[in-house]
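# An overview of the molecular structure
What follows is each chain in one-letter form.
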Amino acid sequence: NSFMFPIVLVTTDEDVHWATTQERKGKTRAFSLPHFKKLLGEEAIMMKSGEAHRQLRKIFEPAFTPLAIRDYTSAIDTITQEQLGKWCESGEWQTPREWALLAMRIFFVCAFGEANEERMARLASLFENWTAGFNSIIPFAIPGTLLGRAHYNRNELDKELLAMIDEFKTKNPKGSEAAKKSVMGRLCYAVDEDGKEPTQKVLLDNLRFFLVAGFDTTKASFGAISRFITENHDLESALVEECRSLKDPIDIDEIKNEAPILNAVLAETWRLVAPLSSHAGIATEDLHYKSYVLPKGILLAHDIHGHNVMNDTLYPDAAKFHFERWLPKDHPLYN
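What comes next is a walk through the structure. (Residues numbered from 1 in each chain as written. Predicted model: local features only at pLDDT ≥ 70, side-chain atom pairs only at ≥ 80, totals over all residues. Heavy atoms only, no water.)

### Looking at the overall build of the protein
This is how the line gets drawn: Here a helix means four or more residues in a row that DSSP labels H or I, a strand means two or more in a row labelled E, and each is numbered from the N terminus. A radius of gyration in this sense is built from C-alpha atoms; the matching globule rule multiplies 2.2 Å by the number of residues raised to 0.38. Each residue's exposure class comes from its accessible area (1.4 Å probe, protein chains only) as a fraction of the maximum for that residue type: buried when under 20%, exposed when over 50%, partly exposed otherwise. Only the protein chains shown count as cover for residues, and the accessible areas themselves come from Shrake-Rupley with a 1.4 Å probe. The positive count covers Lys and Arg only, the negative count covers Asp and Glu only, and His and the chain ends enter neither. By convention, the point assigned to a charge is CZ for Arg, NZ for Lys, CD for Glu and CG for Asp.
When you go through the protein residue by residue, the secondary structure sums to 14 helices and 6 strands. Relative to the 2.2 N^0.38 estimate, which gives 20 Å for 335 residues, the radius of gyration of the protein is 22 Å and therefore close to what a compact globule would have. In terms of overall dimensions, the protein has C-alpha extents of about 55 × 55 × 45 Å along its principal axes. Split into buried and exposed, the 335 residues of the protein put 42% on the buried side. Total accessible area on the protein stands at roughly 19000 Å², and carbon and sulfur atoms take up 56% of it. The average position of the 39 basic charges and that of the 48 acidic charges among the side chains of the protein differ by 7 Å.

And the structure:
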């Protein structure tokens, strides 16, 4: 029990797999404190389970498929190269916030086709003041409090996003090239099984959720990758050599199939510093598993980080960074 709340912690491969399937079946739902759920947005896909989750996934998934990512590759590569060039010329250390802002800029260019710097600065400020509310220990949005300011900034953020959506739709009507090949086109013109487009609230709640998902996870990934590479000079040299051999402009198939070191580094980084380190769901009915009965209302916690760093059977020397484990067995650096 935690604060008189019954909790079951799952960490083994078999148990984690079973637990994760329950949410898609609608037998568990995502756990969130009511004031955090309201701040994030009740219609965000993270808050849904079962059939509701499946329907939202059907609407939004096409914007993030491998085929869709190909349409964003050029923009991602161009923005990243330009920003890295500026940072290299400055010779200055960049804070994690700068990496997160780069991720935000990339998202908006891929979504809307452009990223006005003045607007980006305003969006970043609103976003940070909104997400600060998730650190509030007071569960009431009282004006002047952290949570109260967070709700105000969320509302202002929504106004900016709505203006951007309206501008996008005006410039890019349904059937246009951008409507077919941009993130925003795929989101705002998507339809459910009844042929209906997402409501304004569904669109806004999920746009904000995608921003949260990309902002912090990208920042953490950049930081972790940089740390692991600098701690392993042989890896750094090999990775630089491999990346220099890749085509310019970037080619997704080449990265997937001919960059084993890069892919191994990414896999090992995300194993040790998982973008989502844990997840919790509440049983919506009595669950029967093995010889256990888990009653309705129990909290089912998936310790993803613990599962990855403590499983020496699946990952020998699991707590340490060994990118070599992901390399093809015939690779010179495989160990």
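### Thoughts on the environment of His288
Along the chain, His288 turns up in strand S4 (residues 287-289). Take His288: its relative accessible area is 62%, and that puts it in the exposed class.

### So, the packing of helix H4 (residues 66-90) against helix H5 (residues 96-112)
To be explicit about the condition: Here, axes are lines fitted to C-alpha atoms. For helices the fit covers the stretch in contact, and angles between N-to-C directions go from 0 to 180 degrees. Here is the rule for angles: anything less than 35 degrees is roughly parallel, anything more than 145 is roughly antiparallel, 65 through 115 is roughly perpendicular, and the remaining ranges are oblique. Crossings are classed by handedness, with left-handed meaning an anticlockwise turn of the near helix from the far one by less than a right angle and right-handed meaning a clockwise turn. Contact definition: two residues touch when any of their heavy atoms are within 4.5 Å. Under the grouping applied here, Gly and all other residues not named as nonpolar or charged are polar, the nonpolar ones being Ala, Val, Leu, Ile, Met, Phe, Trp, Tyr, Cys and Pro and the charged ones Asp, Glu, Lys and Arg.
Taken N-terminus to C-terminus, the directions of H4 and H5 make an angle of 150 degrees; their axes are 9 Å apart at the nearest point. The orientation of H4 relative to H5 falls into the category roughly antiparallel. The two elements H4 and H5 cross, and the hand of that crossing is right-handed. Of the residues in H5, those touching H4 at Tyr72, Ala75, Ile76, Ile79, Thr80, Gln83, Leu84 and Trp87 are Glu98, Trp99, Leu102, Arg105, Ile106, Val109 and Cys110. Residue composition of the contact of H4 with H5, grouped by class: 11 nonpolar, 2 polar and 2 charged.

### A word on a nonpolar patch on the surface
The test is simple: Distance thresholds for patches are 9 Å for like charges and 5 Å for nonpolar side chains (Val, Leu, Ile, Met, Phe, Trp, Tyr), applied to residues having over 30% relative accessible area and no salt bridge. The working definition used for a salt bridge is a side-chain nitrogen of Lys or Arg within 4 Å of a carboxyl oxygen of Asp or Glu.
A contiguous nonpolar surface patch, about 450 Å² in accessible area, is contributed by Ile137, Ile138, Phe140 and Ile142. Inspection of the secondary structure assignment puts Ile137 in the loop between helix H6 (117-131) and helix H7 (146-171).

### Considering the sheet that holds strand S1 (residues 7-10)
Note the threshold: When DSSP finds two or more bridges between two strands, those strands count as paired.
Strand order in this open sheet of 4 strands is S1-S6-S3-S2, and the pairing throughout is mixed. Unpaired on one side and paired on the other, S1 and strand S2 (28-30) mark the two borders of the sheet. Adjacent strand axes in the sheet meet at a mean angle of 30 degrees when their direction is disregarded. In terms of strand pairing, S2 meets strand S3 (residues 279-283) through 3 bridges, oriented antiparallel. Among the inter-strand pairings, Ala30 is bridged to a residue of S3, identified as Gly281. Relative to the sheet, helix H1 (residues 13-24) contacts S1, S2, S3 and strand S6 (299-302), its axis offset from that of S6 by approximately 125 degrees.

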